[in-house]
Amino acid sequence: MRVDRRRDFPILNGTGPRLAFLDSAASSQKPQQVLDVMTEAYSSYYSNVHRGAYRLSEMATEAYEAARAKVAAFIGAADPREIVFTRGTTTSLNMLAFAWAGARLRPGDRILLTQMEHHANLVPWQMVAARTGAELVFAPLDDRYELDLAAMNHLVDERIAVISVTGMSNVLGTIPSIGPIRTMAEDAGAILIVDGAQLVPHAPVDVKSLGADFLAFSAHKMLGPTGVGVLWGRLELLEALEPFEGGGEMIADVGLYESTWAPVPQKLEAGTPPIVEAIGLGAAVDYLGELGMGTVRDHDMELTRYALDRLGEFDHLTVYGPNNVERRGGVISFTLADVHAHDLATILDEHHVAVRAGHHCARPLMDHLGVPATARASFSVYSDEQDVDQLVDALHHASELFGVGPH
């Protein structure tokens, strides 16, 4: 089912040439509905939350906590207290690496990741491994750009303490099967973390059926604002998590020499929170909920199928990622002959097509693919076939400019 929501996004409806915005995996555009809610919060009832015994503070607190409840319902959390607002996926994963794993890992323990992780789900674990003496091990990809589950299973033994995997690759679009990985984690007695930065904005996610212990994602990739993200965790695990930051809001009592913590989630939300940003996330969740995440997923698959078919017009263009749209998201990384991705993106921009170019914060994956960088087109609910056609037309112009024939 195709979604036709381009009209809701002001940046895509301005005067001048039509913009094909194909960089949604980096950060999505914002619908007017989200912008209106945030403007109302700033102009009508802005105040700090949880502290003020006056009307504006009570209104702001109610809206902030309502956003938490919306996010909980959106991902099927059992309790709004399982939703911790952070600065984004990166902060959520760092919190787990340092506050959970950093306090528990010992020399000889292992952290199991995959070859396709974003730096946010790699660098924190490198840092923690260096501090604790734990060892990093990596599950490989197969020749279809999918996670090799059999090889991954061979790495799982009693030494595995943490398994942390992407829910959807930001480079390949690959969607790993979490069920078998969950079984591996259970067999090893390890915690399972899912980086949901790309998955949650594009597919139905129910944490009860997902089976992870923790899930991290960001508002700005799911039509919401920057500066706010979510760490979901099973309540008993969040209660066992020591605070990552200390300060105001997260305490029950403070003396000169020691403090006690507030209940979850407040103990994990030190300082003034991203109030209006969280309210904006709540509005984004409303917007996506109205569409239905099943519809969003169908839209992505249909558009990806169309794009892969059209990109097949180019003999000298290589696409990196699964061919089966059931096994991938709306992220298409590609190279055109030996043209550097940055040069290609610059030419596409002259034709009002915005794509990402570079290593996409996944340098080890680029090394595995044997390329320094790729260009990447990525979709959202405002993307349509005309965007893909505009991309293909621009690629034909680029092919002529660089002397690369389409066939």
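Our structure's up above, just so we're on the same page.
These notes cover the structure that comes with them. Predicted model only: the values in this text are computed from it and were never measured. (Residues numbered from 1 in each chain as written. Predicted model: local features only at pLDDT ≥ 70, side-chain atom pairs only at ≥ 80, totals over all residues. Heavy atoms only, no water.)

1. A closer look at the overall build of the protein
Phase 1 of the analysis: Counting its secondary structure elements, the protein contains 13 helices and 15 strands.
Phase 2 of the analysis: The principal-axis extents of the C-alpha atoms in the protein amount to approximately 70 × 55 × 35 Å.
Phase 3 of the analysis: Buried positions account for 58% of the 407 residues belonging to the protein.
Phase 4 of the analysis: Taking the intrachain contacts of the protein between residues at least 6 apart in sequence as the baseline, contacts between residues at least 24 apart amount to 71%.
Phase 5 of the analysis: Here the protein displays about 16,400 Å² of accessible surface, and carbon together with sulfur accounts for 50% of that area. (Helix = DSSP H or I, 4+ residues; strand = E, 2+ residues; numbered from the N terminus. Buried < 20%, exposed > 50% of the residue type's maximum accessible area, 1.4 Å probe, protein only. Contact = heavy atoms within 4.5 Å. Areas by Shrake-Rupley, 256 points an atom, 1.4 Å probe, with all protein chains shown as cover.)

2. Overview of the environment of Gly247
Phase 1 of the analysis: Here Gly247 shows up in the loop between helix H8 (235–240) and strand E9 (251–254).
Phase 2 of the analysis: In this structure, the C-alpha to C-alpha distance between Gly247 and Glu269, residues 22 residues apart in sequence, is 9.1 Å.

3. Here we look at the pattern of salt bridges
Phase 1 of the analysis: Applying the stated rule across the entire model yields 21 salt bridges.
Phase 2 of the analysis: Across the pair Glu245 and Arg87 runs a salt bridge whose closest N-O atoms are separated by 3.6 Å. Linking Glu245 in the loop between H8 and E9 with Arg87 in the loop between strand E2 (83–86) and helix H3 (89–104), this pair joins segments that are 158 residues apart in sequence.
Phase 3 of the analysis: The class for Glu245 is partly exposed, based on a relative accessible area of 36%.
Phase 4 of the analysis: The partner of Arg144 in a salt bridge is Asp142, and the shortest N-O contact between them spans 3.0 Å. (Salt bridge = Lys/Arg side-chain N within 4 Å of Asp/Glu carboxyl O.)

4. Things to note about the nonpolar core
Phase 1 of the analysis: Ile75, Phe85, Ile163, Leu215 and Val381 are the most contacted members of the largest nonpolar core, which totals 80 residues.
Phase 2 of the analysis: The greatest single-element share of this core, amounting to 11 residues, is contributed by helix H9 (residues 275–291).
Phase 3 of the analysis: Apart from residues no more than four positions distant in its own chain, Ile75 is found in contact with Ile83, Val200, Val205, Asp206, Val207, Leu215, Phe217 and Trp232.
Phase 4 of the analysis: Formed by 31 residues, the second largest nonpolar core is a distinct cluster that contains Leu93, Ile111, Val162 and Leu238. (Core = buried A, V, L, I, M, F, W, Y, C linked by side-chain atoms within 4.5 Å.)

5. Describing the sheet that holds strand E6 (residues 191–195)
Phase 1 of the analysis: What the 7 strands build is an open sheet, ordered E2-E8-E7-E6-E5-E3-E4; its pairing is mixed. For this open sheet the edge positions go to E2 and strand E4 (135–139), each flanked by a neighbour on one side alone. Taking the axes of each pair of neighbouring strands and ignoring which way they run, one obtains an average angle of 20° across the sheet.
Phase 2 of the analysis: In terms of strand pairing, E2 meets strand E8 (residues 229–233) through 4 bridges, oriented antiparallel. (Pairing = 2+ DSSP bridges. Axes fitted to C-alpha atoms, helices over the stretch in contact; angles between N-to-C directions.)

6. Some details on the packing of aromatic side chains
Phase 1 of the analysis: Here the structure, examined in full by the defined rule, presents 7 aromatic pairs.
Phase 2 of the analysis: Residues Phe21 and Tyr382 carry aromatic rings whose centres are separated by 6.4 Å and whose planes lie at 55° to one another, so their mutual orientation is tilted. Pair noted here: Phe21 is in strand E1 (residues 20–21) and Tyr382 is in the loop between strand E15 (374–378) and helix H13 (385–401), with a separation of 361 residues, a long-range link.
Phase 3 of the analysis: Overall, the relative accessible area of 1% leaves Tyr382 in the buried class.
Phase 4 of the analysis: The structure contains a cluster of three or more aromatic residues connected by ring pairs, namely Phe9, Phe21, Tyr287 and Tyr382. (Phe/Tyr/Trp six-rings, centres within 6.5 Å; stacked < 30°, edge-to-face > 60°.)

7. Let's talk about the pairing of strand E5 (residues 160–166)
Phase 1 of the analysis: Of all 7 residues that make up E5, 7 are buried, and the element is covered over most of its length.
Phase 2 of the analysis: Two strands pair when backbone bridges link them, and E5 and E6 are joined in this way by 5 bridges, in the parallel orientation. From the neighbouring strand, Ile163 faces E6, where its bridge partner is Leu192.
Phase 3 of the analysis: With respect to chirality, the unit in which E5 leads through helix H6 (residues 178–188) into the neighbouring parallel E6 is right-handed. (Right-handed = clockwise from strand over helix to strand, strands pointing away.)

8. A closer look at the pairing of E8
Phase 1 of the analysis: Burial of E8 is extensive: 5 of the 5 residues sit out of reach of the surface.
Phase 2 of the analysis: Here E8 shows no split at all, with Gly229, Leu231 and Gly233 on one side and Val230 and Trp232 on the other all buried.
Phase 3 of the analysis: Here strand E7 (residues 214–218) runs beside E8; their pairing, made up of 5 bridges, is antiparallel. Paired with Leu215 across the bridge in E8 is Trp232.

9. Points about the side chain of Thr89
Phase 1 of the analysis: Position of Thr89 among the secondary structure elements: in helix H3.
Phase 2 of the analysis: Side-chain polar atoms of Thr89 contact the side chain of Ser218, separated by 2.6 Å. (Polar contact = N/O pair within 3.5 Å; in protein donor to acceptor, adjacent residues only side chain to side chain.)

10. Some words on the sheet that holds strand E14 (residues 356–358)
Phase 1 of the analysis: Taken in spatial order, the 4 strands make up an open sheet running E11-E12-E15-E14, and their pairing is antiparallel. The open sheet has two edge strands, strand E11 (317–320) and E14, and neither has a second partner. Adjacent strand axes in the sheet meet at a mean angle of 30°, parallel and antiparallel pairs treated alike.
Phase 2 of the analysis: Against the sheet, helix H10 (residues 293–311) makes contact with E11 and strand E12 (331–336), and its axis sits at roughly 10° relative to E12, the strand it touches most.
Phase 3 of the analysis: The strands touched by helix H11 (residues 341–350) within the sheet are E12, E14 and E15, with E14 carrying the most contacts at an inclination of about 160°.

11. Examining the packing of helix H1 (residues 32–44) against H9
Phase 1 of the analysis: H9 packs onto H1 with a crossing angle of 150° between their chain directions and a minimal axis gap of 9 Å. What the angle tells us is that H1 and H9 run roughly antiparallel. The two elements H1 and H9 cross, and the hand of that crossing is right-handed. Facing H1, whose interface residues are Gln33, Val34, Val37, Met38, Ala41 and Tyr42, H9 presents Val276, Glu277, Ile279, Gly280, Ala283, Ala284 and Tyr287.
Phase 2 of the analysis: Considered class by class, the residues forming the contact of H1 with H9 number 10 nonpolar, 2 polar and 1 charged. (Parallel < 35°, antiparallel > 145°, perpendicular 65-115°, else oblique. Left-handed = near helix turned anticlockwise from the far one by under 90°. Nonpolar A, V, L, I, M, F, W, Y, C, P; charged D, E, K, R; others polar.)

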